[in-house]
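Structural description and commentary
Residues per chain are reported as follows:
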Amino acid sequence: MPAEETSLNFIEEIIEQDLKNGKYKSIVTRFPPEPNGYLHIGHASSICLNFGLTKKFPGYTNLRFDDTNPMTEETEYVESIKEDVRWLGFEWKNERYASDYFDQLYEFALTLIQKGLAYVDDSSSEMIANRKGTPTEPGKESADRNRSVEENLDLFKRMKAGEFPDGSRTLRARIDMAHHNMLMRDPVLYRIKHAHHHRTGDKWCIYPMYDMAHGQSDSIENVTHSICTLEFVPHRELYDWLIKNLEIYPSHQYEFARRNINYTVTSKRKLLQLVNEKYVTGWDDPRMPTISGLRRRGFTPESIRDFCDRIGVAKRENLVDVGLLEFCVREHLNKVALRRMVVFDPVKVIITNYQENHNEKVKSENNPEDVSSGAREIPFGKEIYIERDDFMENPPKKYFRLAPGQMVRLKSAYIIKCDEVIKDAGGRISELHCSYLPDSHSGHDTSGVKVKGTLHWVSVNDAVEVEVREYDRLFKVEDPASEAGDFKDYINENSLKIVKGYAEPSLLSAALGEHFQFLRKGYYCLDKDSDNGKFIFNRTVTLKDVWAKEQQKTSVQK
RNA sequence: UGCCCGGUAGUAUAAUGGUAGUACGAGAGAUUCUGGCUCUCUAUGUCAGGGUUCGAAUCCUUGCCGGGCAACCA
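Numbers given for residues are sequential positions, taken from 1 along each chain in its written order. Ligands are numbered from 1 and chains lettered from A, in the order in which they are written. Selection of residues for local features in this predicted model requires a pLDDT of at least 70, selection of side-chain atom pairs for listing and counting requires 80 or more, and totals for whole chains, interfaces and linings are taken over all residues. Note that the side-chain values use all heavy atoms of the structure and ignore hydrogens as well as water.

Describing the sheet that holds strand β23 (residues 515-518)
Filter applied, for reference: Two strands pair under a simple rule: DSSP has to find at least two bridges between them. Comment: elements are numbered from the N terminus, with helices defined as DSSP H or I runs of at least four residues and strands as E runs of at least two.
Here seven strands make up an open sheet; going across it, the order is β10-β23-β24-β25-β21-β22-β11 and the pairing mixed. Edge positions in the sheet fall to β10 (338-340) and β11 (342-343), since each of these pairs with one other strand and no more.

Details of the side chain of Ser-412
Applicable threshold: Residues adjacent in sequence count toward polar contacts only when both atoms are side-chain atoms; beyond that, a polar contact is any pair of N or O atoms within 3.5 Å, and within protein one must be able to donate a hydrogen and the other to accept it.
On the secondary structure map, Ser-412 appears in the loop between β16 (407-410) and β17 (415-423). At a separation of 2.7 Å, a polar atom in the side chain of Ser-412 contacts the side chain of Ser-364.

Quick notes on the domain arrangement of chain A
Formally: Each domain's extent was defined by an automatic or database domain assignment. Only heavy atoms matter for contacts: two residues are in contact if any of them lie within 4.5 Å across the pair. Defined here as a combined quantity, buried area equals the accessible surface (1.4 Å probe) lost by two parts on assembly, summed across both.
You can read the domains of chain A as domain 1 (5-256), domain 2 (268-338 + 466-557) and domain 3 (342-456). Distance between the C-alpha centres of domain 1 and domain 2: 35 Å. Taken together, the contacts link 25 residues of domain 1 with 22 residues of domain 2. Contact with domain 2 buries surface across domain 1, with Tyr-38, Ile-41 and Trp-87 losing the most and accounting together for 33% of the total.

So, the pairing of β16
Bridging between β16 and β17 involves three bridges; their strand directions are antiparallel. When the bridges of β17 are listed, Arg-409 appears paired with Ile-415. Joining the antiparallel neighbours β16 and β17 is a turn of four residues, in which Ser-412 adopts a positive phi near 65°. Sheet topology note: the β16/strand β19 (residues 454-455) ladder contains two bridges and is parallel. Residue pairing in the sheet places Leu-410 in a bridge with Leu-455 of β19.

Brief notes about the pairing of strand β25 (residues 536-542)
Defined as follows: Only protein chains enter the calculation, and the probe is 1.4 Å; a residue is then buried if its accessible area is under 20% of its type maximum, exposed if over 50%, and partly exposed in between.
The buried fraction of β25 amounts to six of the seven residues, a majority that puts the element mostly inside the structure. Of the pairings in the sheet, the one linking strand β21 (residues 464-471) to β25 comprises three bridges and is parallel in character. Looking at β25, one finds that Glu-467 is bridged to Ile-536.

Describing the protein's contact with RNA strand B
As a reminder of what qualifies: The criterion for a residue being near a molecule or strand is simple. One of its heavy atoms has to lie within 4 Å of it. Each residue is assigned to one class: nonpolar for Ala, Val, Leu, Ile, Met, Phe, Trp, Tyr, Cys and Pro, charged for Asp, Glu, Lys and Arg, and polar for all the others, Gly among them.
Near RNA strand B lie 64 residues; those nearest to it are Glu-13, Arg-259, Arg-339, Ser-442 and Gln-517. Expressed as a percentage, the sugar and phosphate content of the atoms of RNA strand B within 4 Å of the protein is 57%. Between a phosphate oxygen of RNA strand B and a side-chain N or O atom of Thr-68, the distance comes to 2.6 Å. For RNA strand B, a sugar or linking oxygen lies 2.8 Å from a polar atom in the backbone of Ile-311. Elements with a minimum of two residues in the surface near RNA strand B: β6 (188-192), α11 (301-311), α12 (322-336) and α13 (546-557). For the surface near RNA strand B, the element with the highest residue contribution is α13, accounting for four residues. Of the residues assigned to the surface near RNA strand B, the class counts are 21 nonpolar, 21 polar and 22 charged.

So, the packing of aromatic side chains
Rules: Stacked, edge-to-face and tilted labels apply to pairs of Phe, Tyr and Trp rings (six-membered ring for Trp) whose centres lie within 6.5 Å, assigned for plane angles under 30 degrees, over 60, and everything in between, in that order.
Counted by the stated rule, this structure contains 25 aromatic pairs. On the numbers, 5.1 Å between centres and 65° between planes, the contact of Tyr-354 with Tyr-436 is edge-to-face. Residue Tyr-354 is located in the loop between β12 (346-351) and β13 (360-365), and its partner Tyr-436 is located in strand β18 (residues 429-436); the two are separated by 82 residues in the primary sequence. The pair Tyr-354 / Tyr-436 is uniform in exposure class, with both members buried. Considering the side-chain rings of Phe-380 and Trp-457, the 5.1 Å spacing of their centres and the 85° angle between planes classify their relative orientation as edge-to-face. Of this pair, Phe-380 sits in strand β14 (residues 375-380) while Trp-457 sits in the loop between β19 and β20 (458-459), and the two are 77 residues apart along the sequence. Through a chain of ring-to-ring contacts, three or more aromatic side chains come together here, namely Phe-102, Tyr-106, Phe-156, Tyr-190, Trp-204 and Tyr-207.

A look at the pattern of salt bridges
As a reminder of what qualifies: Salt bridges are defined by distance alone: a side-chain nitrogen of Lys or Arg within 4 Å of a carboxyl oxygen of Asp or Glu.
Under the criterion given, the structure shown has 48 salt bridges. With its nearest N and O atoms 3.6 Å apart, the salt bridge here joins Glu-151 to Arg-147. Of the residues examined, Glu-151 reaches a relative accessible area of 37% and is grouped as partly exposed. Measuring nitrogen to oxygen at the nearest pair gives 3.3 Å for the salt bridge that ties Asp-284 to Arg-296. You can see Asp-284 sitting in the loop between α9 (268-276) and α10 (291-297) and its partner Arg-296 sitting in helix α10, a full 12 residues away along the chain.

Structure representation (C-alpha cells):
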C-alpha cells in the first residue's frame, strides 16, 4: 500500500514543524467560547479544529469559557455549550473559566502598573474614543497618562474596592497613542462594572477586557497554539506585547477564516435577535444553524464533523454552500436511517380483486444499506393510500408511476395495474380502482412482469396520522448579513410548512434520537414536541430527487 | 491614498519551484422492488501585467479586486 496522501492545513503544518524541530513535545489547544449564546455551525469548525488537532498530534484541549463580561453571560449558555461539544463527540481535558483567573489577572495588572506600562484613566468612554485618532491620524494622549506608579496603584486598588461608579475610570495599557495599529493605542485593560457574575458572584466590580484576559488565560494554561478567527489578527500584536511584558509563558495566536454558510447567519448577536423577536421558537428551532437546532432537525454529529473536514481550514473569506452540509447528512443517514413508509398527500387505491378483510402482512427491509438492521412487517390491505402525485391521468414520457392501464410495484408487496379512475363532483380524483397480480409478491415473484416504478404506500385501515414539519432555508438570500438594510428583511416567511402524513404503524414506536428515511421522501426524526399519541416528525433533509429536477427543467423550457 | 489579511473551476479546498488535483454542485449514461444508494464518463480554474528561473499557482514587483482595523464586546 502506498502511504496515504496527507494534506495538512496551514495550522497543522505549523504544528508539525513545531513538533519536528523540537519547539514542543506535545501541544495544548483550547476552545474558548463566551457563554453568551448557543453554539452554531461556525463554532463546530473551531471545535473540530481545536479538538481534532490534539487527536492528530500529541497533547490535549481545554474547554475554557471566556466569561469576562458579566452583563451578557449566563449559566444556561455554559450548560448548552458543554452539551453541544460532547454531542459533537469531543471531550476536554480541563474545564476552565477566565473567571478562574481573576485574581491572577489582577496581579498581572499590578505588575504592568509597577512597570509603568499601565495607568488609570479618568476619561469617559466618549473622551477615550475621541482621542483615539483614526486609522490615518494619530491619537492624543490622556492627561492621566503620566500619573505616578503610586497613584496608579492606589487608584486601581480603589477601583477594585468599589469606590468608583461604573464607567468613571479604566485601567489602560501605556503603549503608543500614535501606533499604526489602533489596538495598540493605549487599549483599555480593565473596566468598572458593578454587576453580578455567573460564577464569581459579587466578588468583583472590575472586569478584565478580552485582551487582558484571553492571552493571559492561554498562558496560564500553557496553551501552545491559540487558534482564533481572522478578526483577531490585529489583536495578535497586543497579545504578544502583554505576554512579553508580563514575562509569562509564551502562547502563540494563529488565525483562520471563520466558515460562513449561505442562506443563514452565524453571528450570536443576530441569532439572539431571531430568538428574542420570535422569528424562531428558540435557540434549538430546527431552522437555526445552532448545534442544538441541527440536532433537533436530525443532523448527526458524524455528518457535522464530516462537513467540517470537507470545508477545511484556510485564511480566505468564504461562503460555503449549505448543499454540502445537506450532502453530508444524506450520506450518513443513508447508512443508518431506518426505512419507513409515509404517505403525505394520499389518494385511495382499491384493489378490486384482493380478498376482503384479509389480514396480510408483508416483510420489508429496515435498511438495504445495512443487512444487520433486519426487517419489519407491514400490514397490507384491499384499501391503501398512495401519494397523489404518484398517479397521473395523462402521464408524460418516462413517467414510471401509476397511470391508467399502467403497472407499478407497491414496495415489498405486489404489482398493481390501474383499471379505473373515480372522480368526485368537482372532478378531483377520489379513488383509483386497481387489480393486483397475486403471483407478483415481493421475494417470490413468478409473474414475469417487469415494472419501472415502485411506490410507497400505507394500508388505509392501519395508517397512523402524524404531523410533519418541513423546513426550508431561513433566508431568501445567500448572504443576509451583507445585503442592504436589516438582515431580518430577508427572512424566508415560508421556512416552515406543517403537513399531515399517514404512516405505517411501526412508526408508533419511534423514539427521540432515531433517524428514519421515509421512503422516496427524505430523512426525518421525531420532534420533542411529540407527546402521548401525537407524533411530530421533523424533516431533516429531502432525498435527492432527479425526477423533480427533470420536471422543473421541462417546465422552465415551456 | 494609513496599516493588516487575502485572491486556484459555480462552491470549498490541495499542489510547499517540476504533469493544476480532490469533493460537492452541473451535464450524459448504466444499474435499481426507493426516479434514493451505487457505478461510469464529461465540462469548467491559477485576478492582471512585468521580473527571477531550464521551469512559477508557488519567489520578487506593480496594479486590480475583496475583507478587516477608530466597543469600558468577545
